[in-house]
Each structure stands twice: as C-alpha cells, then as structure tokens.
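Secondary and tertiary structure notes
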Amino acid sequence: MKKLDEYLVWFEKNVAKVLLITMIVMVFTSGIARFLRHPMNWAVDFSSFLFAWACFFAMDVAWREDKMMSVDLFVKRLPKKAQKIIKIIMLFVVLAFCIYMVIWGSELTWTQRFRKFQGMPNFSYAWVTLAVPVGSLLLVRTTVQKILREFRNKPAKEAK
C-alpha cells in the first residue's frame, strides 16, 4: 500500500506540472496567434480543462504533504488533547465535504455530458467536470489516511 501511495503522489505531482506548463504555453501561444490575426479559439477552453485537472491533482498533493494553509492561532494555545480532538473533528468535516463533492461532482458530470465547448465542438464539457469527483475521491482517500494516522497517534512526518 505504501508503494501505491508513493506512485500516486509521484503521478499527481508530475501530471499537475505537465498540465500547468501545457496550459501556460497554450495561453501564451494563443495570445501570440491572436496578435498575428490567427486566433486559436479552442486554446482558452482547453486551458480551462487542463487547469481544472491540475488544480485537483495539486490540491491532493498539498493536502497529503501537509502543505495546505491553515489558521491555527487559537488552537495552538489549547492543551494537546484539545488540539487533537479539534484536528480530528476538522478532518471529519473535510471528509464530509469531499464526499459531498464526489456525489455532487458525479451528478454535475452526468448533467454536462451533452454540453460542448464553444471552441471545441467535439469535446464534451463532462471531461472538465469529471475533475471534481475524481479529484475529490483522491482527497477522500488522503483524508481517511490522515484520520487513521490521528487515531494511531502517528504524526504526519513519521507516517511517511
């Protein structure tokens, strides 16, 4: 299972990087093409597709590696036991939200299956919205791992 986690993180990191770089190149190329009076109308739409997927992959990597921003000014002043209880409660809140996003994202993907991009008539918008349930499912997996780690009393640094 640890090997699978390592591969998944490696995959997410590299795919997110490639998608972001591709998106930047496409938007820049589209701007130059528009300046030269040969617009690439599909480039902006395709970039939004790449951005949606890159965001969810990058979000899971940041969540998995504890690099998400947090405001813990008041919580850090509480006793360790209270901090742990609050952390577990917040992880369950995050888990509930991610599960909701899997369900809602799946419904959204289903309803968008016939919608097409303006600049890309043969490309369904469902491929963009599919990033929501897939990315949320990855976040569910990471959050469950974090909850289990908290109940086993292992800090994130030791679990890696």
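Structure's up top.
My aim in this report is to walk through the structure given alongside it, one point at a time. (Residues numbered from 1 in each chain as written. Predicted model: local features only at pLDDT ≥ 70, side-chain atom pairs only at ≥ 80, totals over all residues. Heavy atoms only, no water.)

1. Things to note about the pattern of salt bridges
- If you walk through the whole model with that rule in mind, you get nine salt bridges.
- Measuring nitrogen to oxygen at the nearest pair gives 2.2 Å for the salt bridge that ties D66 to K146. Pair noted here: D66 is in the loop between α2 (41-64) and α3 (80-111) and K146 is in helix α5 (residues 131-151), with a separation of 80 residues, a long-range link.
- Each of D5, D60, R64 and R141 takes part in one network of salt bridges that share partners. (Salt bridge = Lys/Arg side-chain N within 4 Å of Asp/Glu carboxyl O. Helix = DSSP H or I, 4+ residues; strand = E, 2+ residues; numbered from the N terminus.)

2. Let's talk about unusual backbone geometry
- In this structure, R37 is a non-glycine residue whose phi angle is positive, near 65°.
- The residue R37 is located in the loop between α1 (2-35) and α2 in this model.
- Taking relative accessible area as the criterion, R37 reaches 74% and is therefore assigned exposed.
- Notably, D66 is not glycine yet its phi reads approximately 55°, a positive angle. (Buried < 20%, exposed > 50% of the residue type's maximum accessible area, 1.4 Å probe, protein only.)

3. Examining α5
- The end-to-end C-alpha distance of α5, which contains 21 residues, comes to 30 Å, matching closely the 30 Å that a straight helix rising 1.5 Å per residue would cover.
- Just beyond α5, the residue with positive phi is N153, at close to 60°. (Expected span 1.5 Å × (residues − 1).)

4. A look at the environment of V9
- Tracing the backbone shows V9 in helix α1.
- Taking C-alpha positions, V9 is 8.9 Å from F57, a pair spaced 48 residues apart along the chain.
- When near neighbours in sequence (up to four residues on either side) are disregarded, V9 contacts V61, R64 and E65. (Contact = heavy atoms within 4.5 Å.)

5. Structural notes on the side chain of E12
- Along the polypeptide, E12 turns up in helix α1.
- Buried charged residue E12 carries no salt bridge. Nearest counter-charge: R64, at 4.3 Å.
- Excluding residues within four positions of it along the chain, E12 makes contact with F57, D60, V61, R64 and L138. (Lys, Arg positive; Asp, Glu negative; His and termini not counted.)

6. Some words on α1
- Over its 34 residues, α1 extends 50 Å from the first C-alpha to the last, a length consistent with the 50 Å expected when each residue adds 1.5 Å.
- Residues D5, L8, V9, E12, A16, L19, M23, M26, S30 and A33 constitute the buried set of α1.
- Count one or two residues on from α1 and you reach R37, which has phi positive near 65°.

7. Topic: the environment of L130
- When you line up the elements, L130 lands in the loop between α4 (126-129) and α5.
- Its relative accessible area of 26% is what places L130 among the partly exposed residues.
- Placed 77 residues apart in sequence, L130 and W53 show a C-alpha to C-alpha distance of 8.6 Å.
- Setting aside residues up to four positions removed in sequence, L130 forms contacts with W53 and T109.

8. Some points on the packing of α1 against α5
- In the contact formed by α1 and α5, the axes pass within 13 Å of each other and the chain directions differ by 135°. Judged by the inter-axis angle, α1 sits oblique to α5. By crossing handedness, the relation of α1 to α5 is classed as left-handed. Residues L4, D5, L8 and E12 of α1 pack against L138, R141 and Q145 of α5.
- In the contact of α1 with α5, the residues fall into three nonpolar, one polar and three charged. (Axes fitted to C-alpha atoms, helices over the stretch in contact; angles between N-to-C directions. Parallel < 35°, antiparallel > 145°, perpendicular 65-115°, else oblique. Left-handed = near helix turned anticlockwise from the far one by under 90°. Nonpolar A, V, L, I, M, F, W, Y, C, P; charged D, E, K, R; others polar.)

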